[in-house]
Amino acid sequence: APWHLMMSLTPSRGCLLDLPWEDILVPHILCHLPLQQLLSLQRVSKSFQSLIQLYLANMRCFDSSQIGPAIPRAAFVSLLKDNEVLQQLALQNCSDWLTDRELLPVIGQNHHLHQIQLKGCAQLSRHALVAISLSCPNLRRLSLAHCEWVDSLSLRSLADHCKALEAVDLTACRQLKDEAICYLVQKCSRLKSLSLAVNANVGDVAVEEIAKCCPELEHLDLTGCLRVKNDSIRVLAEYCPKLRSLKVKHCHNVAESSLSILRSRGVELDVEPPLQRALVLLQDVVGFAPFINLQI
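Now for a look at the structure at hand. (Residues numbered from 1 in each chain as written. Predicted model: local features only at pLDDT ≥ 70, side-chain atom pairs only at ≥ 80, totals over all residues. Heavy atoms only, no water.)

## Points about the pattern of salt bridges
Within this structure, the stated rule accounts for nine salt bridges. Among the salt bridges present, the one from Glu 102 reaches Arg 73, with a minimum N-O distance of 2.9 Å. Highlighted residues: Glu 102 in helix α6 (residues 100-108) and Arg 73 in helix α5 (residues 73-80), separated in sequence by 29 residues. A residue is classified by how much of its surface remains accessible, and Glu 102, at 8% relative accessible area, is buried. Here Arg 73 falls in the partly exposed class, since its relative accessible area comes to 40%. Put simply, Asp 82 and Lys 81 hold a salt bridge, and the shortest N to O gap is 2.9 Å. (Salt bridge = Lys/Arg side-chain N within 4 Å of Asp/Glu carboxyl O. Helix = DSSP H or I, 4+ residues; strand = E, 2+ residues; numbered from the N terminus. Buried < 20%, exposed > 50% of the residue type's maximum accessible area, 1.4 Å probe, protein only.)

## Side note on unusual backbone geometry
If you check the backbone angles, Val 198 has positive phi at about 55° while not being a glycine. Residue placement: Val 198 occurs in the loop between β6 (193-195) and α10 (204-213). Residue classification places Val 198 among the partly exposed positions, given a relative accessible area of 36%. Of note in this structure, His 250 is not a glycine but carries a positive phi near 70°. By the secondary structure assignment, His 250 is in the loop between β8 (245-247) and α12 (256-264). Of the residues examined, His 250 reaches a relative accessible area of 48% and is grouped as partly exposed.

## Details of the layout of surface pockets
In this structure, the largest pocket occupies an estimated 270 Å³ of space. Lining the largest pocket are 17 residues; nearest its centre among them are Gln 115, Gln 117, Arg 141, Leu 142 and Ser 143. Those elements that place two or more of their residues in the lining of the largest pocket are β1 (61-63), β2 (88-90), β3 (115-117), β4 (141-143), β5 (167-169) and β6. Of the residues that constitute the lining of the largest pocket, the class distribution is eight nonpolar, six polar and three charged. (1 Å grid on protein atoms, 1.4 Å probe; cavity = no way out; pocket = protein on both sides within 12 Å on 5 of 7 lines; lining within 4 Å. Points joined across faces, edges and corners; volume = space filled by probe spheres on them. Nonpolar A, V, L, I, M, F, W, Y, C, P; charged D, E, K, R; others polar.)

As far as function goes, none of this settles anything; it's purely spatial.
See the structure below:
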């Protein structure tokens, strides 16, 4: 294993660190080690510390969860201060302290990011999303779930500058209304996955615009969108032939009359057919599923 190789070939033997750092050690050995072990390796010697710093500066993917349940603010700032080549950034374990002050410098110096995960980072502001939109023109996947600071103006900036977006998670971004969603999908017609779950302000107007603007759409999450009704689901069925999954649980105004069209096409739904739901309820009540002659 690479880790055992690193520990057995110490600097005193003059073997490992004599290998080309940028051509061999960084891309072919260090990349196989967990980030937490790499940070521990810095303490072996000054040479190893320099090697790890080189690795961090050339790291393409940073996932805070690899370090543990929580990453200290100072450690985050130190780890990414020299990196300008990040492609993927996941910061879901930094929600307790992550603010614009820590995030904006990282975003500002990394223009190759195509995937950003900020789920639950509640202490950021709309300026973070504006910075992302201005610095990351090639962004394809963005998670802003439970980021209630996302507003229509910052989402508008995202739509104007990141037209290659394929997946956006706006779960529980409760400031957003139909108008903001419509603007996003009009500009980002390549969307394949979109979550608007837990947003009572989203209704038929947004869903119909999604259907008409995003022909490549494969996954749509409308869980808890209470204003969505049957008409927009029918439009979705008509305009989105590539749809593979639709979540409409707790959408009380969406009935089987519209879902059956999608169900017949094999679209995965999170709501069971009425007969199946009735059987489950009956089984819960009487303790068994009765025999039913479906030919009657």
